[in-house]
Amino acid sequence: MAHDFDSFGSLVFDDRVMKATLSAKVYQKLRKTIDEGSRLDPVVAEAVAAAMKTWAIEHGATHFTHWFQPLTGITAEKHDSFISPASDGRIIPEFSGKELIRGEPDASSFPSGGLRATFEARGYTAWDPTSYAFLKGKTLCIPTAFCSYGGQALDKKTPLLRSMEAFNRQALRVLRLFGNTEVRRVRTCVGAELLDFLEGGAVSKAEAGSEYGKTTLLWRSGQGQQPHLPRRPGAGRSGALRPISGRTACRGGGAERASLLCGRPVSSGVQIPAQPSPSPVSGLPAGGPDPAKRRAELMRFTKMQGLGNDYLYVYGPVPEDAVQLSRRLSDRHFGPGADGLIFMGPSEQADFSMRIFNADGSEAEMCGNGIRCVGKYLSRKHVLVIETRAGLRQLTLHNDADKIAGVSVEMGTARIVPGSAGDLVELGNPHLVRFVPDVEMVDITAEGPKLEHSVPGGVNVEFVQVLTQNRLRMRVWERGSGVTLACGTGACASAAAAVNRGLCPLDSPIELVLDGGSLFITVRADGSIQMEGPAETVYEGEIKL
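Residues numbered from 1 in each chain as written. Predicted model: local features only at pLDDT ≥ 70, side-chain atom pairs only at ≥ 80, totals over all residues. Heavy atoms only, no water.

### Side note on the overall build of the chain
Step number 1: Looking only at helices and strands, the chain has 11 helices and 33 strands in total.
Step number 2: Counting over 545 residues, the chain shows a buried share of 47%.
Step number 3: Counted over contacts in the chain with a minimum sequence separation of 6, partners at least 24 positions apart contribute 61%.
Step number 4: For the chain, the accessible surface area stands at approximately 25,900 Å², while carbon and sulfur atoms represent 54% of it. (Helix = DSSP H or I, 4+ residues; strand = E, 2+ residues; numbered from the N terminus. Buried < 20%, exposed > 50% of the residue type's maximum accessible area, 1.4 Å probe, protein only. Contact = heavy atoms within 4.5 Å. Areas by Shrake-Rupley, 256 points an atom, 1.4 Å probe, with all protein chains shown as cover.)

What follows is the structure, given as structure tokens:
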């Protein structure tokens, strides 16, 4: 049976592959370039290019690209084929040292803010030997620096390389002042991050050591690393970490993720369950962003649902293209399919924060079903406080045999404005509650869009039928998503409007029967509203961005 560690780094042209495929003389010269920063010999470049091409083709590659990181926050590639036509009609595989060392992608798509002619905007990519080449699909990706003809940095790697060289120069000056004439180069290295997890006491510490004669810098990519989550004043350490069963290489990361990694992956129960945290044991800073970007190209998500109101949940920073990403991933024909995308992260005001993007890309202030799933995803701690765009919301998790059976949410108070078309209810996000004799007779797909846009900025529209004093039937047209099986904030708004009209009692649970199941809403005498309902995990997955 194959394990993740069998394929760990198998798609990376790393030091072990170079040692096996290059002659001893070429390998030593290449190591000198990497370790001492000496100029790369063109003869060595030719030998490396030949070995790299052979290795890539053996692994199914058909193209190569100079893979770089422009100042757009994403990676860029310009693909070329290994195959070139011969004069007699045959095709021959070609990949020279010159093609390995330098490329010429046009930089006119990375503007400086002014008008420029294309020939003035020419950019160059240059191979960074300190960062390993790797395979992505059928393409050999060669990590490169990207700069202009005049030497201006157009990427995030060039400043790192220049900083490394500047640090080397100044460190050598200091060493010479102390009489050390033997050291030829000072390297800044990624420091090993030591993570200790005590399952009983749930205590963690991170340390970075330094060695004599070498400066060790702790570098954290922000991608794949567990974020620091501020605790509320007075909160204890218990609950910050959770024990996990078994520690395996790239736990939950998948074979493709494992095959592209270098370093030591640490899987832990820090804050979020089953989230691998690859930490390079050692390496040069300029190569640091490369594995981080490779990991970032695979987004890990969890699909969860509350009464059929399903979202894709991602723990991490909200990307710049969140609007387009939510539209693409929410598509039920060409993506995983969902009512939207929810990002979770740290908060300075609460235990965690959440941001909600609807299926059409619009951002919502609050989602009652979504926040219950957030509570289940993040912790088994009894009480959590979540920061939303509608304010802070407190969650209480109800356990049954060590499983979360349901989640209660303090939803705040509602502001109600009765009207002829329905009652406008503000509960962090806007709702239009319309009471009807028979909700099943309403054509929601026709009435919903018209009522949604009857209010500036749009509203969620709830059609409500009173069944008994403590039981309501509700169907919903959600702003930005259309017809959904349930809406938590809509259920709260409907219950509040019913109590305000005298149709339901105060301080008594009201069952809201939705297409996806039932929620129980209590409207208290002080105006505060509590919602209780289920939260279920559907599946976990990864998708290429």
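This is not the end of the story, as more comes after the structure.
### Description of the confidence of the model for the chain
Step number 1: Across the chain, pLDDT averages 77, with 70% of residues at or above 70.
Step number 2: With pLDDT under 50 throughout, residues 263-282 is counted as low confidence; its partners more than four residues away or in other chains account for 74 contacts. (pLDDT = per-residue confidence, 0-100.)

### What about the nonpolar core?
Step number 1: Core analysis: the biggest nonpolar cluster contains 53 residues, and Leu512 and Ile521 have the highest contact counts within it.
Step number 2: The element that contributes the greatest number of residues to this core is helix α11 (residues 488-500), accounting for eight residues.
Step number 3: Dropping the residues within four chain positions of it, Leu512 is found in contact with Leu472, Met474, Ala491, Ser494, Ala495, Gly517, Ser518, Leu519 and Ile521.
Step number 4: In this structure, Leu40, Ala51, Trp55 and Trp127 belong to the second largest nonpolar core, which totals 26 residues. (Core = buried A, V, L, I, M, F, W, Y, C linked by side-chain atoms within 4.5 Å.)

### Some words on the packing of aromatic side chains
Step number 1: Tallied over the full model, the rule gives seven aromatic pairs.
Step number 2: Consider the rings of Tyr311 and Tyr313, whose centres lie 6.4 Å apart with planes at 70°: the pair is edge-to-face. Comparing Tyr311 with Tyr313, the two get one shared label, buried.
Step number 3: Centroid distance Tyr315 to Phe352: 6.4 Å. Interplanar angle 85°. Geometry classified as edge-to-face. In this pair, Tyr315 is assigned in strand β17 (residues 309-315) and Phe352 in strand β19 (residues 352-358), connecting sequence segments 37 residues apart. Phe352 shares its class with Tyr315; the two are buried. (Phe/Tyr/Trp six-rings, centres within 6.5 Å; stacked < 30°, edge-to-face > 60°.)

### Here's the deal with the environment of Asp155
Step number 1: Tracing the backbone through its elements, the reader meets Asp155 in the loop between β9 (139-148) and α5 (157-177).
Step number 2: Relative accessible area serves as the criterion here: at 2%, Asp155 is assigned to the buried category.
Step number 3: With 85 residues separating them along the chain, Asp155 and Pro70 place their C-alpha atoms 4.1 Å apart.
Step number 4: Beyond its immediate stretch of four places on either side in the chain, Asp155 contacts Gln69, Pro70, Leu71, Thr144, Ala145 and Phe146.
Step number 5: At 2.8 Å, the side chain of Asp155 and the backbone nitrogen of Phe146 are in polar contact.
Step number 6: A distance of 2.7 Å separates a polar atom in the side chain of Asp155 from a polar atom in the side chain of Thr158. (Polar contact = N/O pair within 3.5 Å; in protein donor to acceptor, adjacent residues only side chain to side chain.)

### Considerations on the pattern of salt bridges
Step number 1: Applying the stated criterion to the full structure yields 20 salt bridges.
Step number 2: Arg332 is paired through a salt bridge with Asp310; the nearest N and O atoms lie 2.8 Å apart. With Arg332 in the loop between α8 (322-330) and β18 (340-345) and Asp310 in strand β17, this residue pair connects regions lying 22 residues apart in the sequence.
Step number 3: With its nearest N and O atoms 2.8 Å apart, the salt bridge here joins Asp423 to Arg501. Of this pair, Asp423 sits in strand β25 (residues 423-426) while Arg501 sits in the loop between α11 and β30 (510-514), and the two are 78 residues apart along the sequence.
Step number 4: Asp423 gets classed as buried once you look at its relative accessible area, which sits at 0%.
Step number 5: Among the charged side chains, a network of salt bridges with common partners joins Lys303, Asp310, Arg332 and Asp339. (Salt bridge = Lys/Arg side-chain N within 4 Å of Asp/Glu carboxyl O.)

### Looking at unusual backbone geometry
Step number 1: A positive phi angle, close to 60°, is found at Leu307, a residue other than glycine.
Step number 2: Structurally, the position occupied by Leu307 is in the loop between β16 (298-306) and β17.
Step number 3: The class of Leu307 is buried, set by a relative accessible area of 8%.
Step number 4: Residue Asp507 is not a glycine yet carries a positive backbone phi of 55°.

### Describing the pairing of β16
Step number 1: Burial analysis of β16 places eight of its nine residues in the buried class, which makes it a mostly covered element.
Step number 2: Where β16 meets strand β33 (residues 536-544), eight bridges bridge the pair, whose relative direction is antiparallel. Bridging from a neighbouring strand, Phe301 pairs with Gly541 of β33.
Step number 3: Sheet topology places β16 next to β17; five bridges connect them, and they run antiparallel. When the sheet's bridge partners are listed, Gly306 is paired in β17 with Asn309.
Step number 4: With antiparallel pairing between neighbouring strands as the criterion, β16 and β17 make up a hairpin whose turn holds two residues, including Leu307 at a positive phi of roughly 60°. (Pairing = 2+ DSSP bridges.)

### As for the side chain of Asp423
Step number 1: At a separation of 2.8 Å, a polar atom in the side chain of Asp423 contacts the side chain of Arg501.
Step number 2: Excluding residues within four positions of it along the chain, Asp423 makes contact with Ile416, Val417, Pro418, His431, Leu432, Val433, Phe435, Ala497 and Arg501.

### A look at the packing of helix α2 (residues 24-36) against helix α3 (residues 42-58)
Each packed pair of helices is defined by two parameters, the angle between the axes and the distance between the axes.
Step number 1: In contact at an axis separation of 10 Å, α2 and α3 are set at 110° when each is read in the N-to-C sense. Here α3 runs roughly perpendicular to α2, going by the angle between their axes. Our pair here, α2 against α3, has a crossing hand that is left-handed. Facing Val26, Lys29 and Leu30 of α2, the residues of α3 in contact are Val44, Ala47 and Val48.
Step number 2: Looking at the contact of α2 with α3 residue by residue, the classes come out as five nonpolar, no polar and one charged. (Axes fitted to C-alpha atoms, helices over the stretch in contact; angles between N-to-C directions. Parallel < 35°, antiparallel > 145°, perpendicular 65-115°, else oblique. Left-handed = near helix turned anticlockwise from the far one by under 90°. Nonpolar A, V, L, I, M, F, W, Y, C, P; charged D, E, K, R; others polar.)

### Overview of the side chain of Asn460
Step number 1: Considering the arrangement of structural elements, one finds Asn460 in strand β27 (residues 460-468).
Step number 2: Of the residues examined, Asn460 reaches a relative accessible area of 5% and is grouped as buried.
Step number 3: A polar contact of 3.0 Å, which involves the side chain of Asn460, links it to the backbone oxygen of Pro430.
Step number 4: At 2.9 Å, the side chain of Asn460 and the backbone nitrogen of Arg479 are in polar contact.
Step number 5: Beyond its immediate sequence surroundings of up to four residues, Asn460 is in contact with Asn429, Pro430, His431, Leu432, Trp477, Glu478 and Arg479.

### Thoughts on the environment of Asn429
Step number 1: Turning to its location among the elements, Asn429 is positioned in the loop between β25 and β26 (430-435).
Step number 2: With 61 residues separating them along the chain, Asn429 and Gly490 place their C-alpha atoms 9.2 Å apart.
Step number 3: Here the side chain of Asn429 touches Thr489 through a polar contact of 3.3 Å, side chain to side chain.

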